[in-house]
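# Architecture at a glance
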Amino acid sequence: MTPVEAYWTLARETLTDRLQSGPDGLSQAEAETRLRSAGPNQLRSRSSFSRARAIASELRNPLLLILVFAAIASVATGQLVDAAIVLVIVVASVGISYSREYSAHAAVAALQATVRTRTTAVRGGMSVTVPLEDIVPGDLVVLSAGSLVPGDAVVLEAADFFVSEAVLTGESFPVEKRPGIVPVSAAVRDRTNCVFLGTNVRSGMARCLVVRTGPSTEFGAIAHRLTLRPPETDFDRGIRRFGYLLTSAMFVLVLLVFAAHMIRGRPPVETLLFSVALAVGLSPELLPAILSVSLARGAEMMARHGVIVRRLNAIENLGSMDVLCTDKTGTLTEGVVQLEGAYDPSGNRSAGVLTLAAINASLETGLGSPLDDAISQAWQPDLSRVVKHAEIPFDFVRKRVSVIVDRDGQRLLVAKGAFDHVLEASTRFSDGADLDAEARDRLRARSAEWAGRGIRVLAIATRVLERQPAYGRGDERDLTFEGFLTFVDGPKEGAAETVANLARLGVSVKLITGDSKRVAQHLAALVGLRAGRVLTGADLAEMHEEALWHEAERTDLFVEVDPDQKERIILALKKTGHVVGFLGDGVNDAPAMHAADASLSVEHASDVAREAADFVLLARDLDVIRRGIEEGRRTFANTLKYVLTTTSANLGNMLSMAVASLFLPFLPLLAGQILLNNFLSDIPAIGLADDRVDPELVARPERWDIRFIGRFMVEYGLLSSVFDVMTFLVLLGPFRAAPNLFRTAWFVESLLTELVIALVVRTRRPFFRSRPGTLLATSTAVLVAVAVAIPYLPFVGLLGFVPLPGSLLLTLCAIACLYVVATEALKRWFFRVRRLPAARAGSAEAGA
């Protein structure tokens, strides 16, 4: 379909005809046809993770490409056995990684589909819920408060329809949208008859005709400048740095070995294959598959605990989180707000104030709030003689909402909002008396007394207006103060225990709320938060960034804050080295959620908040978050286990082999034998993704520490090399091993040490006091048996192996047992005698 140009200048009928739509919207069949033609309503294409894509992902692994090159070189020089070994290993590696990684991605995709953002469209005359990415030009959509606008569209019908366009225009106040025609020269901010992709509805309802979707929208035109890629997580950064470290070590070692062998006159192809095998042996080639499987398993386990993961890479950040920022409603409180009473300025219960409040709550069309629900449940006003004319929607500057109605022959503005902000706009009482300083002090004292008991206070004010076509924020002046509304929302049962449990996990809870200071302090005292140190929104407005960095860390209560200040608080906490999580559900929480390391929302939050979240909670409960944190730490720990396992034994074995090859008259292992050794030792490592994690490894936040990994790699690698040298001396001394016998014995010994090291370093405890996962234990036991049996299997002569004498086999097993004892001793010294700093010890625990 040809795009409609200057659509904001067209009459409704003309635009509908050009888009070949109508009052019943598109038919389902036509919508599907247009979706195939226009493509998904996405700023970037998101191809599904198919089987072909999974295989292609594996084949793009540089290490596999190196192996394929080595196989081609072997074929070219007539070394067909080596070529066959390499190709079998390539196929087996791809097959194992593919099967685990594809199933992992499929499981995660199924979970994420449960929290897809949807919108209401009219198709075939019926209102249906449609995924945002399936909206097409010509769709008729119905929008209401809290909705994300699903595309660039023209407003056909509207009622008190206000949209936040800050993401496009920078305008902080919601803009009213209404049907009509605007000049062709109108800029985006002046197109009052249009709504745009990426903006969100603040109040009211509208029916809109979608004109453009995806990259062709106004937001799509600038999206590539707004964000080219998601921010790198702390764990991603750690993996990248680890890759640099390992690549540097691999490059130096291989280059030195290749040069030394060429100088000594070794055959070029044999030297090349040996060097390639060393490079592959040094690298954790299964790390991408381990990461995918571990993260997917973590996502599945978190889903069982009521947490849906929308961005897999954020799981480690959730585990590393040491500060959780949250509002109080529904997390620390029951979330069941009740109207305690409606009072006149003197503090007497007032049916008149309740009626005015109910009119405002019933007629305002902003995003529903528990306070409005509580008012409506307490009183249903007779609206038969009340006609609504306009609405001035809520915003976080005024902190009030007003409706303009005709009632009893008067054009009346009824304002409801935060006590201080309503009082600020009021100048008189209903009896005509002025609101002087003394009267204001009395009202403030009464409000403070309620707040001190944990009761939230709103105020109601009115003003008789002249009849006019439109009304705005400027009409909220010279108001008549009518009275108070008081609400109660008690602390959630078990909230204090959950806060204490989070503290034991090393996570401090910080309350960020728009409520008053006294209400927040009362609740904080009940649930175990430090209520003494409090920062208000006014304090934050006057505070420089450096001062906020210092104060935010020491403060648990942030009260009377607006959304921009939430973002400042989170950035200040991150600046001082904390990993910060934020739980939000409102349309204004998105900036703070984007700023947080781990953003959480709830299933029934606004579309804006859910779309910004890394995690969606199926129940608004801090204990659900606690379980998610624990699962995130298990995922981090199991991923780090693989890194530490492969870098300890692998480095030692490959370093020993490289050095030995310079002094022996033959290669200690042939290239095919090195690759087979590396492949077999990696098979049990797949089980690390599902491994059990000791409770103490979940008890504290974990951070990636590349220095710790480097020390671990060097010290454990050197220990492995000591036992390699011991094996060399035994083989060349008492057993006077010929090349094939040497290689067979060394193959068995190095494979045994690489298999058992995983069981030792996977825990900080003595290995026999920490039960491994079933898959890890079973596969290790099978591979140990295979390692011992390989020399005696038929056809192993093709691989260059020969049967081992029984005495030599027993000696090798004894060396492997001594290696386990020595590794246990080193582990005890490494973690306890050295007394690592707390942050690094946390990483060590996760990896050990």
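Look a little higher up for the structure.
Described in the following lines is the structure provided in the data block. (Residues numbered from 1 in each chain as written. Predicted model: local features only at pLDDT ≥ 70, side-chain atom pairs only at ≥ 80, totals over all residues. Heavy atoms only, no water.)

Before going further, it helps to spend a moment on the side chain of Gln673. Following the sequence through the fold, Gln673 ends up in helix α24 (residues 671-682). Exposure remark for Gln673: the relative accessible area of 2% places this residue in the buried category. When near neighbours in sequence (up to four residues on either side) are disregarded, Gln673 contacts Arg743, Phe747, Leu799, Gly800 and Phe801. (Helix = DSSP H or I, 4+ residues; strand = E, 2+ residues; numbered from the N terminus. Buried < 20%, exposed > 50% of the residue type's maximum accessible area, 1.4 Å probe, protein only. Contact = heavy atoms within 4.5 Å.)

A few words on the nonpolar core. Counting residues in each nonpolar core, the largest one holds 47 residues, and the members touching the most others are Leu278, Met657, Leu680, Phe742, Phe747 and Leu804. For this core, the elements supplying multiple residues, two or more each, are α8 (234-263), α9 (268-282), α23 (622-663), α24, α25 (706-732), α26 (739-761), α27 (774-789) and α28 (806-833). Examining the composition of this core, we find that 9 residues originate from one element, α26, more than from any other. Phe742 has contacts with Leu664, Phe666, Pro668, Phe728, Leu731, Leu732 and Ala737, leaving out every residue within four places of it along the chain. If you look at the next biggest cluster of nonpolar residues, it comprises 38 residues, including Ile315, Leu318, Ala520 and Leu523. (Core = buried A, V, L, I, M, F, W, Y, C linked by side-chain atoms within 4.5 Å.)

Our focus in this paragraph is the packing of helix α19 (residues 545-554) against helix α20 (residues 563-575). The contact between α19 and α20 brings their axes to 8 Å, and the two run at 80 degrees. Taken together, the axes of α19 and α20 lie roughly perpendicular to each other. When α19 is examined against α20, the residues Glu545, Leu548, Trp549, Ala552 and Glu553 are found in contact with a partner set consisting of Arg568, Ile569, Ala572, Leu573 and Lys575. Here the contact of α19 with α20 is built from residues that sort into 6 nonpolar, no polar and 4 charged. (Axes fitted to C-alpha atoms, helices over the stretch in contact; angles between N-to-C directions. Parallel < 35°, antiparallel > 145°, perpendicular 65-115°, else oblique. Nonpolar A, V, L, I, M, F, W, Y, C, P; charged D, E, K, R; others polar.)

Bringing the pairing of strand β2 (residues 126-131) into the picture now. Strand direction decides the pairing type here: strand β1 (residues 118-123) and β2, joined by 6 bridges, are antiparallel. For Thr119, the partnering residue across the bridge sits in β2 and is Val130. The hairpin formed by β1 and β2 contains 2 residues between the paired strands, and Gly124 there has a positive phi angle of roughly 60 degrees. (Pairing = 2+ DSSP bridges.)

The next subject is the pairing of strand β17 (residues 508-512). In the case of a regular strand, side chains alternate between the two sheet surfaces. β17 sits mainly inside the fold: 4 of its 5 residues count as buried. Two strands pair when backbone bridges link them, and strand β9 (residues 323-326) and β17 are joined in this way by 4 bridges, in the parallel orientation. Bridged to Val323 within β17 is Ser508. In this structure, β17 lies alongside strand β19 (residues 557-559), joined through 2 bridges in parallel fashion. In the strand pairing of β19, Leu511 is matched with Leu557.

Bringing helix α12 (residues 351-363) into the picture now. Between its first and last C-alpha, α12 extends 18 Å over 13 residues, near the 18 Å set by a 1.5 Å rise per residue. With 10 of 13 residues buried, α12 lies mostly within the body of the structure. Listed in full, the buried residues belonging to α12 are Val353, Leu354, Thr355, Leu356, Ala357, Ala358, Ile359, Asn360, Ala361 and Leu363. Among the residues of α12, the N-terminal cap falls to Ser350, whose side-chain oxygen and the backbone nitrogen of Gly352 are separated by 3.4 Å. (Expected span 1.5 Å × (residues − 1). Polar contact = N/O pair within 3.5 Å; in protein donor to acceptor, adjacent residues only side chain to side chain.)

Bringing empty space enclosed by the protein into the picture now. If you walk through the whole model with that rule in mind, you get 5 cavities of 30 Å³ or more. Volume-wise, the largest cavity comes out at about 110 Å³. Around the largest cavity, the lining is made up of 14 residues, and of these Thr645, Ser681, Asp682, Ala685 and Glu754 lie nearest the centre. Of all the elements in the fold, those that place two or more residues in the lining of the largest cavity are α23, α24 and α26. With 5 residues, α23 is the largest single contributor of residues to the lining of the largest cavity. (1 Å grid on protein atoms, 1.4 Å probe; cavity = no way out; pocket = protein on both sides within 12 Å on 5 of 7 lines; lining within 4 Å. Points joined across faces, edges and corners; volume = space filled by probe spheres on them.)

This part is about unusual backbone geometry. In this structure, Gln20 is a non-glycine residue whose phi angle is positive, near 55 degrees. Taking the relative accessible area as the measure of exposure, Gln20 reaches 57% and is therefore exposed. Of note, the phi angle at Phe795 is positive, near 70 degrees, even though the residue is not glycine. Relative to the assigned elements, Phe795 resides in the loop between α27 and α28.

Looking at the secondary structure, you find Thr513 in the loop between β17 and α17 (517-527). A relative accessible area of 2% places Thr513 in the buried class. A distance of 3.0 Å separates the side chain of Thr513 from the backbone nitrogen of Asp515, its partner in a polar contact. Apart from residues no more than four positions distant in its own chain, Thr513 is found in contact with Asp327, Lys328, Ala520, Phe558, Val559, Glu560 and Val561.

This next bit is on the packing of α25 against α26. When two helices pack together, their arrangement is captured by the angle between the axes and the distance separating the axes. The geometry of α25 relative to α26 is characterised by a closest axis approach of 11 Å and an angle of 150 degrees between their N-to-C directions. In terms of orientation, α25 and α26 fall into the roughly antiparallel class. In this structure, the crossing between α25 and α26 has a hand that is right-handed. Counted together, Phe712, Tyr716, Phe723, Asp724, Thr727, Phe728, Leu731 and Leu732 of α25 and Phe742, Ala745, Trp746, Glu749 and Val761 of α26 form the full contact between these two elements. Classifying every residue of the contact of α25 with α26 by side-chain character gives 10 nonpolar, 1 polar and 2 charged. (Left-handed = near helix turned anticlockwise from the far one by under 90°.)

That is the geometry; function is a separate question.
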